[in-house]
Structure formats: C-alpha cells, structure tokens
Amino acid sequence: MNWVIFQAYIYPIRHKLYRFALKITGDRHDAEDIVQDVMEKVWKNSAESDHNMINWEAWCMTLTKNQSLDKTRSLSKRRTLPLAENEAFESTSPSLIREIEMQDLTTRVKQMMQDLPEKQRLVMHLRDVEELSYEEITQALGLSLDQVKVNLFRARKYIREKMVPEH
Amino acid sequence: MIDPQPIRALLEKYWAAETTIEEDRQLKNFFASNDIPEDLQLYSPFFQALREEQQVRMVRAAVKYRPYRIFLTAAASIILLLAVGIGWKMTFTAKTTAISLQPVGQVPAQVAIEQDLHSGLMLAQVSTEEKKCPAKTGSKMRKKTTEKLEAQYAMEEIKAALSLVSSKIKKGRLAAAKGADHLENIDRVFKKKATG
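Since we're looking at a predicted model, the values are computed, not measured.

A.B. asks: Would you explain the overall build of chain A in this entry?
C.D. replies: Helix and strand counts for chain A come out as ten helices and zero strands. When the helices and strands of chain A are read in sequence order from the N terminus, they spell out α-α-α-α-α-α-α-α-α-α. A burial count over chain A gives 33% of its 167 residues as buried. Sequence separation of 24 or more characterises 66% of the internal contacts of chain A that already satisfy a separation of 6 or more.

This is the structure we're talking about:
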C-alpha cells in the first residue's frame, strides 16, 4: 500500500469504520480492534491491488462488516447500545428538563434503530449516518440497488411508525 | 425562521426513501435548529440520534504500526551510530596524541599529531613559540595545544554530524512537500468533480 493513498483515503475514514463496526458489534473495544485489524490489512495490501481499486471506502466498509460479523458470530454477542450513549444521558444537566426529555427520546430512537433487522440496520447506518451513495452501499454490503432501497425504505418506515404510532 | 412547508414535503420524500444525500443534509440541518414547528418536533429525536451517531469517534489510535516510525527509528539509529563513532574517534585520537607526545619536541611527534589531527598550522605555531621562548615550551604547552586540537577536531566532527542530520531532514521536508502537493492535486480533482 502506498503511504499517500493510505493517508488520503484510508486513515481519514477510521471513525466511519469504527462507527460501522460499533453498529454491528455493539462493543467499543471490539470495534476498535476491528478497525485496527482492517487498517493493518489494508496497509499490507499489494501495490497491484491499489491500482485496481475503484472505491476504497466501500472496500474498507466491506472488510469492516465481514470482520465485525465474524467477531459477533464467534462471540455470540448480544447487541447492546454503547455505554457512552447512556453516560451522555446521565451527564445532562438536571435543570434542563426539556433537554433531558429530548435525550431520553433520542436514546429510545437509537434503541429502535438498533432493533432493526441486520440488513435494514446496516443500510440505514451507511446512508443516514455515513452518508454513502446507493452505489457505495451496494458495494459495501454486497446487495443489489433494489435491495438497498427496499431495506432503507423499510427501516425508515419502521422508525416512523414507532415514533408516530398513527402512521 | 425557515419556511417549514418545503421541509414537510422533503420529510415525506425522506420517509419514502426518495431523497438525495443533499436533501437528507437539509433535513438534518433544519432539525438541528431551534425553530422547529410544533407538529414537526416529534421527529427531532430521530435526527438528533443521527447527529449523535455521526459524532462518535474512535478514541484508540487506529494504526498500530505507523509507517513514519520506520523513519524515526532510522534517524535515531544514525544519530546513535554517529555518537558512538565520534566517541570512539575522540578516544582513539586522545590515545594517539598522548603516545606521540612522549618524545617531546621531536619531529616524529609532530608528524603523528599532524597526520592524525590535520592541523599543521597549530603545530607550526607551537614550533614558532618554542623558538621564541624555549623556556615556556615543553610538555605544558604541548598539552594545551593538544587539548585545543582535540576540541577543534570534536567541533569538526559535530559539525559534520549535524550537517548529515540536516541534509536528511531537508530530504524529508522535500518528500513531505512533494506528498502535500500530491494531496492538494487530489483535493483539487475532488473539488472540481464536486462542482462540475
């Protein structure tokens, strides 16, 4: 791997990869380990492969997804919300009732998003959090364009229905 | 206050999964503001959740073996080798000088110092001094001269070492500048693509 390519394309997306790994594993330490492994793997990638690479981000997302799923399956971990998100709620100023309510609702929404079926959850994360294009999502998850759109539609519909029951 | 009507239309498009990334960003920005109409406030926690997720950062260093460490290790090795080399050379020089000084005032002693320290000028000065006032000459003066020569030699060695390190740093700077140029070019291409 070329150092310039690594600096320009790979290193800046480490936080994205981390969030994606965290979304799948639900564990900060596991997510950090996965990102380090992915970075190492990418760094060891041959120069020949560098030239053939079209989308580094999608490829890194694929590696992260595979590593995260392997880890989750091997440990049979139950997905939970990261601890810091609950801590954020605790650290909110008690005087601001409105803010606390808002934080409480936000935590619930996050839990709803976490409860989505795997494909919907990952598609929604890549689109709404990481702002990837449909093409990038198809590459990262190995799904067709239609599958990506359907999963995104279902995910958003589920969240909306949970937030606004009459919908 | 932002006109909420287009936002309502955009929101419907969003739930139908028909918005572009740019439109999604417009919605996120709208819900990040403080002027949200009451009927839309129920969606705020959702967009707040997305914003919070976007802010999650990896705390631990992402790269275990940073490639620039290789350069640091190489630089440290060069400096260490130079230090050992200078130390050895100075010890060796001091020994040579001490041995050659034993037959005080004789030509072979001068030659030994001359060859080893490349400083005939100073020795010539000593010889002149010897001729002028032979009482002052002898081991005391030679010792003083040797010390001067050793100091001069050490200074030369340090200069050489520093110039070597400096040339390496210059090389590194050039490489970094080259890399920065390359990155700027990449950035320019992306910007061009984004605007075009």
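Picking up after the structure, the text goes on.
A.B. asks: Got a minute to help me understand the overall build of chain B in this structure?
C.D. replies: Scanning chain B from N- to C-terminus turns up seven helices and zero strands. In chain B, the succession of helices and strands from N to C terminus is α-α-α-α-α-α-α. Taking all 196 residues of chain B together, 12% fall into the buried category. Sequence-distant contacts in chain B: of pairs separated by 6 or more residues, those separated by 24 or more amount to 45%.

A.B. asks: Just to check I follow, could you spell out the interface of chain B and chain A for this structure?
C.D. replies: Accessible area lost upon the coming together of the parts serves often as the stated size of an interface. Counting residues at the interface gives 28 residues for chain B, matched by 33 residues for chain A. A per-element tally of the side of chain B that touches chain A places helix 3 (residues 44-54) of chain B first, with nine residues. Counted by class, the side of chain B that touches chain A contains 17 nonpolar, five polar and six charged residues.

A.B. asks: Which parts of the structure should I look at to understand helix 10 (residues 145-163) of chain A?
C.D. replies: Because each turn of an α-helix spans 3.6 residues, side chains separated by three or four positions in sequence point in the same direction. Residues and elements named next belong to chain A. The end-to-end C-alpha distance of helix 10 is 27 Å, a good match for the 27 Å that 19 residues give at a rise of 1.5 Å each. For helix 10, the set of buried residues is Val148, Asn151, Leu152, Ala155, Arg156 and Ile159. Seen end-on, helix 10 carries its buried residues on one side only, within an arc spanning 125°.

A.B. asks: Please clarify how the packing of helix 3 (residues 28-43) of chain A against helix 5 (residues 56-75) of chain A should be interpreted in this entry.
C.D. replies: Between two packed helices, both the angle of their axes relative to each other and the distance between the axes serve to describe the pair. Residue and element names in this part refer to chain A. Their axes nearest at 10 Å, the elements helix 3 and helix 5 cross at an angle of 135°. If you check the angle between helix 3 and helix 5, you find them oblique. Crossing handedness for the pair helix 3 and helix 5: right-handed. Contacts from Asp30, Ile34, Asp37, Val38, Lys41 and Val42 of helix 3 reach helix 5 at Cys60, Leu63, Thr64, Gln67, Ser68 and Lys71.

A.B. asks: Help me out: how do you make sense of the nonpolar core in this one?
C.D. replies: Within soluble globular proteins, side chains that are nonpolar tend to cluster in buried spots. Grouped together as the largest cluster of nonpolar side chains are 41 residues, with contacts concentrated most on Ala21, Val35 and Val123 of chain A. Each residue touching alanine 21 of chain A, except ones within four places of it in the same chain, is listed here: Ala31, Ile34, Val35, Thr64 and Ser68 of chain A.

A.B. asks: I tried to follow the packing of helix 2 (residues 14-25) of chain A against helix 5 of chain A on my own but got confused; where do I start?
C.D. replies: Residues and elements named next belong to chain A. Helix 5 packs onto helix 2 with a crossing angle of 30° between their chain directions and a minimal axis gap of 9 Å. Regarding the angle of helix 2 to helix 5, the classification is roughly parallel. In the crossing of helix 2 with helix 5, the sense of the turn from one axis to the other is right-handed. Of the residues in helix 5, those in contact with Leu17, Phe20, Ala21, Ile24 and Thr25 of helix 2 are Cys60, Met61, Thr64, Lys65, Ser68, Leu69, Lys71 and Thr72.

So, how was this worked out
- Residues numbered from 1 in each chain as written.
- Chains lettered and ligands numbered in written order.
- Predicted model: local features only at pLDDT ≥ 70, side-chain atom pairs only at ≥ 80, totals over all residues.
- Helix = DSSP H or I, 4+ residues; strand = E, 2+ residues; numbered from the N terminus.
- Buried ≥ 20, exposed ≤ 12 C-beta atoms within 10 Å, placed from the backbone.
- Contact = placed C-beta atoms within 7 Å.
- Nonpolar A, V, L, I, M, F, W, Y, C, P; charged D, E, K, R; others polar.
- Expected span 1.5 Å × (residues − 1).
- Arc of directions from axis to C-beta.
- Axes fitted to C-alpha atoms, helices over the stretch in contact; angles between N-to-C directions.
- Parallel < 35°, antiparallel > 145°, perpendicular 65-115°, else oblique.
- Left-handed = near helix turned anticlockwise from the far one by under 90°.
- Core = buried A, V, L, I, M, F, W, Y, C linked by C-beta atoms within 7 Å.

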